[in-house]
Structures are given as C-alpha cells and as structure tokens.
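Next come the chains, spelled out residue by residue.
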Amino acid sequence: MPDYVFTPPPVVGLPVMGSAQLFPVRRVYCVGRNYAEHAKEMGFTGREDPFFFCKPADALIPVPAGQIGNMRYPSKTANLHYEMELVVALDKGGRDIPVDRANDCIFGYALGLDMTRRDLQNECKKQGRPWEIGKGFDESGPIGPIYPRSVTGTLSQGSISLDVNGTQRQVSDLSQMIWNIPESIAYLSGLFELAAGDLIFTGTPEGVGAVVKGDKMIGHIAGLGDFEVHVV
Ligand code: MN
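Residues numbered from 1 in each chain as written. Predicted model: local features only at pLDDT ≥ 70, side-chain atom pairs only at ≥ 80, totals over all residues. Heavy atoms only, no water.

## Comments concerning the coordination of the manganese ion
Selection rule: Note that water is not among the atoms used; donors are N, O and S atoms within 2.8 Å of the metal (3.2 Å for Na, K and Ca), so sites may look incomplete. Only runs of H or I of at least four residues qualify as helices and only runs of E of at least two qualify as strands under DSSP, and these elements are numbered from the N terminus. Three labels apply to residues, based on accessible area from a 1.4 Å probe with only protein chains included: buried if under 20% of the type maximum, exposed if over 50%, partly exposed otherwise in between.
At 2.0 to 2.2 Å from the manganese ion lie its protein donor atoms, namely E83 (OE), E85 (OE) and D114 (OD). Donor residues binding the manganese ion come from one chain and are separated in sequence as E-x1-E-x28-D. In this pair, E85 is assigned in strand β8 (residues 84–90) and D114 in the loop between β9 (106–113) and β10 (116–117), connecting sequence segments 29 residues apart. When its relative accessible area of 0% is taken as the criterion, E85 is described as buried.

## Comments concerning the packing of aromatic side chains
Applied cut-off: For Phe, Tyr and Trp, where Trp contributes only its six-membered ring, two rings pair if their centres lie within 6.5 Å, and the inter-plane angle classes them as stacked under 30 degrees, edge-to-face over 60, or tilted in between.
A complete count under the given rule lists six aromatic pairs for this structure. Ring geometry for Y29 against F192: centres 5.0 Å apart, planes inclined by 45 degrees, an arrangement best described as tilted. Here F192 lies in the loop between α6 (181–188) and β15 (199–201) and Y29 lies in strand β3 (residues 28–31), a separation of 163 residues in the sequence. Looking at F192, the relative accessible area reads 34%, which means it is partly exposed.

## Quick notes on the sheet that holds strand β17 (residues 216–221)
This is how the line gets drawn: Note on pairing: DSSP must find at least two bridges between two strands before they are called paired. In this description, a line fitted to the C-alpha atoms serves as the axis of each element, helices being fitted only across the stretch in contact, and the angle between N-to-C directions of two axes falls anywhere from 0 to 180 degrees.
The sheet built from five strands is open, its strands ordered β6-β18-β17-β13-β14 with mixed pairing. In this open sheet, the two edge strands, each paired with only one partner strand, are β6 (68–71) and β14 (167–173). The average undirected angle you get between the axes of adjacent strands in this sheet is 20 degrees. Direction of pairing for β6 relative to strand β18 (residues 226–231): parallel, over a ladder of four bridges. In the sheet register, N70 faces β18, and the bridge partner there is H230.

## A look at the sheet that holds strand β7 (residues 80–82)
Where strands meet in a sheet, backbone hydrogen bonds hold them as pairs that are either parallel or antiparallel. With respect to topology, three strands assemble into an open sheet ordered β10-β7-β16, the strand pairing being antiparallel. Each edge of the sheet is formed by a strand with only one pairing partner; in this case those strands are β10 and β16 (209–210). Here β7 pairs with β16 via two bridges, running antiparallel. Across the sheet, residue H81 finds its bridge partner in β16, namely A210.

## Some thoughts on the pairing of β8
It is a general feature of regular strands that their side chains alternate between the two faces of the sheet. Taking burial as the measure, the seven residues of β8 include seven buried ones, the bulk of the element. By the alternation rule, side chains of β8 split into M84, L86, V88 and L90 and E85, V87 and A89, which are all buried. In this sheet, β9 lies alongside β8 in antiparallel orientation, the contact comprising seven bridges. What sits directly across from L86, in β9, is L111. Here β8 pairs with β15 via three bridges, running antiparallel. What sits directly across from V87, in β15, is F201.

Here you go:
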C-alpha cells in the first residue's frame, strides 16, 4: 500500500441487483442530444454527429433499490432541469471498438438523471465555454442500481419515462435514440480508451424541464423498474 499524504477518496460503488457486490465506477460519460425530439426542443435538427461530455464519478448519487435518493438543490442556478436517461455500465473496454462487438462490453444498465443547471449551461454555450458548471456539479447524477445484462438481456427498445409530482413529463422509447447504444460505445471508444467501470448516460428524450425544492421525480425504464429522487 503506497504511503499517501492523505487517505485517498473512496471508490464510488453502485449496488448490483441480485448481488452483494458493488460496481466500481471509473468514468462517467454522457451523450448529448441523442433523441431527435429533444435535440429539436434544444434548437437543433437532431441529425448531428454524437458528442460527449463527462461528469465526475463522485457527482453520482447512488440510489439503492427501493430507496429514495435525495438531491440537494444546487448552488448558483435558478433553472435546475431533469434529464431522464438510460445508463450503460461497462465491464470491458478498449479503443476503436467495432459496433458489432460493443454490446459485449456492457455489464448492465441503470436508470439515471443527468441533472443540469440549464441557465449556466446556456451561458456556457453562448460564451463558447466548457459545460462542467452546467453538467458536472456535485450531486448532478442520481443513479439507480445496476441491472446485469445477463438478466435483462441486451436493451435496444422499451419505454423510458419520468414523472414529476405524479405528472408524466418525459416519455419516449429507447429505440428513438439517434445513435443507438452500440454506435455510441463504438464512437466514444474512438475518442477515449474505454475501460471496466465506465458509465455512459445515453441521452434524454424530449420534455425536459425545471424542478424546484420539494419536487419528487420518479423515473422508469421497461425492464429496470422505477427509481425515485427528491429535490431537497
Ligand atoms: Mn443528458
């Protein structure tokens, strides 16, 4: 054991359904504008090449099955948006992974929220600045437990939705992704060497909007159950 000047920060571990083991997180990648109707609501055509940004692993809020995640309303924003997303968890990686082998890298899937300080993100876009303050802030990634692909099968379709205070705000189907999951993994692996422990938030469907303190979000993806996150 090396002699560090202080105790290293803990590895972020996500619960795995049906297992006592945790999934150790390395990096968190996110796909931007990956559903055409969401791209349009953000002012784009929905036919651009995929692009990516990252969140720090310690920005995740792991929400174990059957529990409620609490996200504190973040600082410096008056426009906190939800983005309900399917998260893919890799247990293998590599560079330049071919599309037809990309699903082999997937250990499992989870429900996730790519929470966004939209006002800060819009300002970053306007100024041509990086997105971290809009996307990578503390507690910006509530995430449910990992459902192993060995149990769920390989996901390529099925409903994805988000309710806020009992009203459905987002609903679509995983088949509506512009870049499907193997295509996103293949493309991303040309930009970064992927590795076991990497997560990919695969983009949000249309219907994004703001939440405030006291709001209750319930996300659902077919085959992965529900997860509930409160803004506190
Ligand atoms: Mn997103």
